[in-house]
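A closer look at the structure
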Amino acid sequence: VLRCLGIPTRVITNFNSAHDTNINLSIDKYIDSSGKTLYLNEDSVWNFHVWNESWFIRRDLGSFYDGWQVLDATPQERSKGIFQCGPASTRAIKEGDVNLDYDSSFVFAEVNADYVTWICYSNKRKKRIYSDTRKIGKFISTKAVGTKSRMDVTDNYKYPEVKEISFKISYSQYKNSLRDDRKILVTAV
């Protein structure tokens, strides 16, 4: 519809797309001391998620946020009481301006959340045992103009990761959790 109105619009695909249900900008996985997964929240990572971008001038946010805006026609969470998402400025997402209106924090988490594993002890204490800052938001793509090839637009959404953070844990604490997500790499001690 936006293209019919003369507004430049394109489809975007995000691989390893986070679904941050509590808007804390991390995807939290909880395990008990034996390594069994505890289902304490509804955060998840999807293989991929698709949305649209349209080119807008943002008089409401200021010219710094002009350009590509995220519009998700399949929102999974309520925003201001209804199922909607956007228009969130890709510039705001890249800069981490998550306090702006129009769901910039949700889209930021979709492409840039940290994937964190916590061990929960019987005394209600929890400890972070693993954190991956690179797992979420891979190969953010659109179709290149005039060809059938993929154009990578990841740099429009996030800065390159420059430092890897890892937490060492005992193998026995994490072995059962590896069955749930074999893609996580940890250093066993």
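It should be noted that the structure appears before, not after, this text.
Treat the numbers as computed from the prediction; the structure is a model and nothing was measured. (Residues numbered from 1 in each chain as written. Predicted model: local features only at pLDDT ≥ 70, side-chain atom pairs only at ≥ 80, totals over all residues. Heavy atoms only, no water.)

1. Examining the overall build of the protein chain
From N to C terminus, the protein chain includes four helices and twelve strands. Taking all 189 residues of the protein chain together, the buried fraction comes to 44%. Carbon and sulfur atoms make up 53% of the accessible area of the protein chain, which totals about 11,100 Å². (Helix = DSSP H or I, 4+ residues; strand = E, 2+ residues; numbered from the N terminus. Buried < 20%, exposed > 50% of the residue type's maximum accessible area, 1.4 Å probe, protein only. Areas by Shrake-Rupley, 256 points an atom, 1.4 Å probe, with all protein chains shown as cover.)

2. Things to note about the nonpolar core
Within the largest apolar cluster, 14 residues are counted, with the highest numbers of intra-cluster contacts made by Val 70, Ile 93, Val 107 and Tyr 157. It is helix H2 (residues 104–112) that contributes the most residues to this core, four residues altogether. Ignoring anything within four residues of it in the chain, the contact list for Val 70 reads Trp 51, Asn 52, Cys 85, Gly 86, Pro 87, Ala 88, Thr 90, Ile 93, Val 107 and Tyr 157. Ile 27, Ala 109, Ala 113 and Ile 136 belong to the second-largest nonpolar core, a separate cluster that totals six residues. (Core = buried A, V, L, I, M, F, W, Y, C linked by side-chain atoms within 4.5 Å. Contact = heavy atoms within 4.5 Å.)

3. With respect to the pattern of salt bridges
Tallied over the full model, the rule gives three salt bridges. Among the salt bridges present, the one from Arg 10 reaches Glu 53, with a minimum N-O distance of 2.7 Å. With Arg 10 in strand S1 (residues 9–19) and Glu 53 in strand S4 (residues 44–56), the pair connects residues that are 43 residues apart, well separated along the chain. Judged by relative accessible area, which is 0%, Glu 53 ranks as buried. Across the pair Asp 152 and Arg 150 runs a salt bridge whose closest N-O atoms are separated by 3.1 Å. (Salt bridge = Lys/Arg side-chain N within 4 Å of Asp/Glu carboxyl O.)

4. Focus: the pairing of strand S5 (residues 67–71)
Most of S5 sits inside the fold, with five of its five residues counted as buried. By the bridge criterion, five bridges tie S4 to S5 in an arrangement that is antiparallel. Paired with Glu 53 across the strands is Val 70, a residue of S5. Direction of pairing for S5 relative to strand S8 (residues 88–89): antiparallel, over a ladder of two bridges. Each bridged residue has a counterpart across the sheet, and for Val 70 the counterpart in S8 is Ala 88. (Pairing = 2+ DSSP bridges.)

5. Notes on the sheet that holds strand S3 (residues 37–38)
Pairing is mixed across the open sheet formed by four strands, whose spatial order is S3-S2-S9-S10. Two strands bound the open sheet, and with one partner strand each, they are S3 and strand S10 (126–132). Note: strand S2 (residues 26–32) against S3, two bridges, orientation antiparallel. By the bridge assignment for S3, Ile 31 is matched with Thr 37.

6. Looking at the sheet that holds S4
In space, the six strands of this open sheet follow the order S8-S5-S4-S1-S11-S12, with antiparallel pairing throughout. The open sheet has two edge strands with one neighbour each: S8 and strand S12 (150–152). H2 contacts S1, S4, S5, S8 and strand S11 (138–143) of the sheet and is inclined by roughly 70° relative to S1. (Axes fitted to C-alpha atoms, helices over the stretch in contact; angles between N-to-C directions.)

7. Brief notes about the packing of aromatic side chains
Tallied over the entire structure, the rule returns four aromatic pairs. Residues Trp 55 and Trp 68 carry aromatic rings whose centres are separated by 5.3 Å and whose planes lie at 85° to one another, so their mutual orientation is edge-to-face. Taken as a pair, Trp 55 in strand S4 and Trp 68 in strand S5 lie far apart in primary sequence, 13 residues in all. Judged by relative accessible area, which is 45%, Trp 55 ranks as partly exposed. Trp 68 sits in the buried class, given a relative accessible area of 18%. Between Phe 64 and Tyr 65, the ring centres sit 5.1 Å apart and the planes meet at 90°, which makes this aromatic pair edge-to-face. (Phe/Tyr/Trp six-rings, centres within 6.5 Å; stacked < 30°, edge-to-face > 60°.)

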